[in-house]
Amino acid sequence: MSLTSLSLTELRQKLSAKEISASDLVRGVAGAIESRNPELGAYLTWDLDAALKEAESADITQPLGGLPIAIKDNINVEGQPCTCGSKILAENYTAPYTATAITHLRKAGAIPFGRLNMDEFAMGSSTENSALGLTRNPAALDRIPGGSSGGSASSVAGGIALAALGSDTGGSIRQPAALCGCVGMKPTYGRVSRFGLIAFASSLDQIGPLTRTVADAALLTNHLCGFDPRDSTSLNEPVPDFTAVLGHDIKGLRIGLPKEYFIDGLHPEVEAAVRKGIAKLEALGARIEEISLPHTEAGVATYYVLAPAEASANLARFDGVRYGHRSTSASDLMEHYLKSRSEGFGPEVKRRILLGTYVLSSGYYDAYYLQAQKARTLIKDDFTKAFEKVDVIVSPTSPTPAHKLGELTDDPLQAYLEDVFTIPANLAGLPAISVPCGTIAHEGAVLPVGLQFITKALDEATLFQAAHAFEVG
Ligand code: GLN
C-alpha cells in the first residue's frame, strides 16, 4: 500500500511507531507528485529541499508532527511563491510573510509542502480560470476538478497530497471536494485567521481543509482555528477538540432538508445519490424533516453583487508598483496602472472588478450593494429560524456532477448558478462540510457526488459528528 493512500490518522501511527520517518513521508509524497502531477496538474510548484529540511527537525510527538500538507496558492508561506493562479503574481512575487493558519499548522508539527493550482484569485468553480494551467479531475481526466480550490481537491482525491488547505468564499472548498470525491470543510467565518490569505471577498473568505476522511478534516481543523489579533474578524472563542465527537452516534439528531435545495436544476442522478445518503442518515437514527429557507433563491444574486464589490476593493492593491506584474511599456503613471492591471489580470477577474465597481458606484450603490446587504440579512435569518427546529441541515453540495473541461467556459452565468447550494453558508458565515456520497454513472464516466452538512455558527463539533457518522455508517 502506498503511503499517500493512507489517512493522516494512519500515518501518525506509522510515524510514532517509527515504521516511517517524516523524511520518508515527504519523499513519498514527492514521488507521487512526480508520477501523477503531469496528468492532474494539481500542483504548480513544490520545494522538496525546503520540506525535507523541515522534516529533519520535525517533532513527531506533535499532533500533526511530520505530516506534509499541500497549500492552495493564495495562502502565503514566507519564501515560497503565492501566485493566486494569476499572471499578476506569477512572475516576481515571493511571499514575504507567513499566514497565521500556516503558523498554527507548523506549531502542531505539520510541514507545508507544495503549492496548488486554483481559479485566478479564487474566482471560479472549475479551476479553468487559472492563468497557470489546467487541473484535471482524478475521477475522469477530461473533466473539471471543480474550483476554485481545484488543485487541492484533485491532489487529495488523486493520491498526490495527504491533505490540503483550500479557501472557500462561495463554495470553493466544498464544491471541488464533492466533484473529485474527497472531504472539504469550511469553518465558521472568523474561526480561522485570514491573515496571510490573499483576499477575494473579505466578509466571506475562510480557509479550511480538504482531506480523505472526516476524521482527518477534524484533526486539521483543530489546529487551524484560533484567535488572531492580526485579523479583525477573528473570533475569540474557545476551540474544542473536534476529534472528540468522532464515533458518537446520531440517534435523535434533527436533520432538516431545505425544500428550496431540491429543485428543478438538480441533476436527477445527483438527487438520487443524495436521497440515498439521506436514507442512510435516517437508518442511523437521525430524525429527518423538511424545512424551508425561503430566501435561498436570492443567494446567488446576492453573492454576485457582494463578492465582486469586495473583490474590486481588495484587488486595487495590485497596481504594478508595489509588487506583481509590472508593465514595461507605459509612458506615464496612469498608463502604468492600466497596462499592468490589464496585462496581469485574466478575463474573469476583470469581469468581477467591473461588476464590483459598478455596484458600488454612486447611483447604483443603493440599488445593488445595499439591496444585497439586506438580502444577506434575510438569508442569515432563514438559517437562524431553521436552527431553532433542527441541529443540522443536509443538502447536495453541487447540483451537477463534474462537467467536461471547456464545457462552461463561455457561459459564466451558468457557472455562477452552480454555486446555488454552497453560497448561503458563506453569506450566513456558517460552518459546512462536503462528504463523498457515492458515485453516479454519467456519460461513460463514474463521477463522485457530495453531500453537504451545515450547522449553526461555531457548532463544528456537531458538523463533524454527523459527517463522520455518515461516512463510517
Ligand atoms: N464559484 C464561486 C465564485 O466564483 C466561489 C468561489 C470561492 O469560493 N472562492 O466566486
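The coordinates are above.
These figures come from a predicted structure and were not determined experimentally.

Concerning the site of the ligand
Close contacts around the ligand come from 15 residues, with T169, G170, S172, Y303 and R352 the closest. Here a nitrogen atom of the ligand and a backbone polar atom of A122 are 2.8 Å apart. Between an oxygen atom of the ligand and a main-chain N or O atom of G171, the distance comes to 3.3 Å. Computed on the free molecule, the ligand has an accessible area of 290 Å², of which 99% lies beneath the protein chains in the complex. With respect to the pocket detection grid, the ligand is positioned in the largest cavity. By residue class, the composition of the shell around the ligand is five nonpolar, seven polar and three charged.

Topic: the environment of T61
Looking at the element boundaries, T61 is found in the loop between α3 (48-56) and β2 (68-72). Put simply, T61 and G109 are 48 residues apart on the chain and 8.3 Å apart in space, counted from C-alpha to C-alpha. A polar side-chain atom of T61 sits 2.5 Å from a polar atom in the side chain of D59.

Examining the packing of aromatic side chains
In the structure shown here, the tally under the stated rule is 17 aromatic pairs. In this arrangement the basic side chain of K280 is found over the ring face of F470, its NZ or CZ atom lying 4.6 Å from the centre.

Quick notes on the side chain of S327
Within the fold, S327 resides in the loop between α10 (299-314) and α11 (333-344). Taking relative accessible area as the criterion, S327 reaches 8% and is therefore assigned buried. Here the side chain of S327 touches S329 through a polar contact of 3.4 Å, landing on its backbone nitrogen. Beyond its immediate sequence surroundings of up to four residues, S327 is in contact with H336, K339, S340 and E343.

Quick word on the sheet that holds strand β1 (residues 43-45)
Strands belonging to one sheet form pairs held by backbone hydrogen bonds; the direction of such a pair is parallel or antiparallel. Pairing is mixed across the open sheet formed by eleven strands, whose spatial order is β1-β3-β2-β4-β6-β5-β10-β11-β9-β7-β8. Strands at the two margins of the open sheet, each flanked by one partner only, are β1 and β8 (287-291). Each neighbouring strand pair of the sheet contributes to a mean axis angle of 35 degrees, computed without reference to strand direction. Contacts from helix α13 (residues 365-389) reach β7 (254-258), β8, β9 (392-396) and β11 (445-454), with the element oriented near 115 degrees to β9.

Things to note about the pairing of strand β3 (residues 111-116)
Remember that side chains alternate between the two faces of the sheet whenever the strand is regular. Among the six residues of β3, six are classified as buried, and the element is accordingly described as predominantly covered. Across two bridges, β1 lies against β3 in antiparallel orientation. By the bridge assignment, Y43 is partnered in β3 with L116. Strand direction decides the pairing type here: β2 and β3, joined by four bridges, are parallel. What sits directly across from K72, in β3, is L116.

What to know about the pairing of β7
With four of its five residues buried, β7 lies for the most part within the structure. As for the winding sense of the linkage, the β-α-β connection from β7 through helix α9 (residues 268-283) to β8 is right-handed. Judged from the two bridges that link them, β7 and β9 form a sheet pairing that is parallel. Considered in β9, the bridge of I255 is made with V392.

Some words on empty space enclosed by the protein
Throughout the structure, instances matching the rule amount to four cavities of 30 Å³ or more. Of the voids in this model, the largest cavity is the one considered here, and its volume is about 70 Å³. Along its surface, the largest cavity is lined by 13 residues, and G124, S172, Y303, Y304 and D419 are the ones closest to its centre. Volume-wise, the second largest cavity comes out at about 40 Å³. Lining the second largest cavity are A178, L179, V270, T397, S398, T400, P401, P448, V449 and G450. Counting residues per element, the ones that place at least two in the lining of the second largest cavity are α7 (174-180) and β11. For the lining of the second largest cavity, the per-class residue count stands at six nonpolar, four polar and no charged.

A short note on helix α1 (residues 8-16)
Those residues of α1 that sit buried are L8, L11 and L15. Across the axial projection of α1, the buried residues extend over an arc of 60 degrees, all falling on one side. Looking at the buried side of α1, the elements it contacts are α2 (22-40), β2 and α8 (214-224).

Examining α3
Two residues of an α-helix separated by three or four positions point the same way, owing to the 3.6 residues in each turn. Among all positions in α3, only A51, L52 and A55 are buried. Down the axis of α3, the sector holding all buried residues measures 100 degrees, keeping them to one side. Along α3, the residues that are exposed and aim more than 90 degrees away from the buried face are D49, K53 and E56. Turning to α3, the residues buried within the fold contact α2 and β3. The N-terminus of α3 is capped by D47, whose side-chain oxygen sits 3.4 Å from the backbone nitrogen of D49.

What counts, and at which threshold
Residues numbered from 1 in each chain as written. Predicted model: local features only at pLDDT ≥ 70, side-chain atom pairs only at ≥ 80, totals over all residues. Heavy atoms only, no water. Near = heavy atom within 4 Å. Polar contact = N/O pair within 3.5 Å; in protein donor to acceptor, adjacent residues only side chain to side chain. Areas by Shrake-Rupley, 256 points an atom, 1.4 Å probe, with all protein chains shown as cover. 1 Å grid on protein atoms, 1.4 Å probe; cavity = no way out; pocket = protein on both sides within 12 Å on 5 of 7 lines; lining within 4 Å. Sits in = over half its atoms within 2 Å of the grid points. Nonpolar A, V, L, I, M, F, W, Y, C, P; charged D, E, K, R; others polar. Helix = DSSP H or I, 4+ residues; strand = E, 2+ residues; numbered from the N terminus. Phe/Tyr/Trp six-rings, centres within 6.5 Å; stacked < 30°, edge-to-face > 60°. Lys NZ or Arg CZ within 6 Å of the ring centre and 35° of its normal. Buried < 20%, exposed > 50% of the residue type's maximum accessible area, 1.4 Å probe, protein only. Contact = heavy atoms within 4.5 Å. Pairing = 2+ DSSP bridges. Axes fitted to C-alpha atoms, helices over the stretch in contact; angles between N-to-C directions. Right-handed = clockwise from strand over helix to strand, strands pointing away. Points joined across faces, edges and corners; volume = space filled by probe spheres on them. Arc of directions from axis to C-beta.

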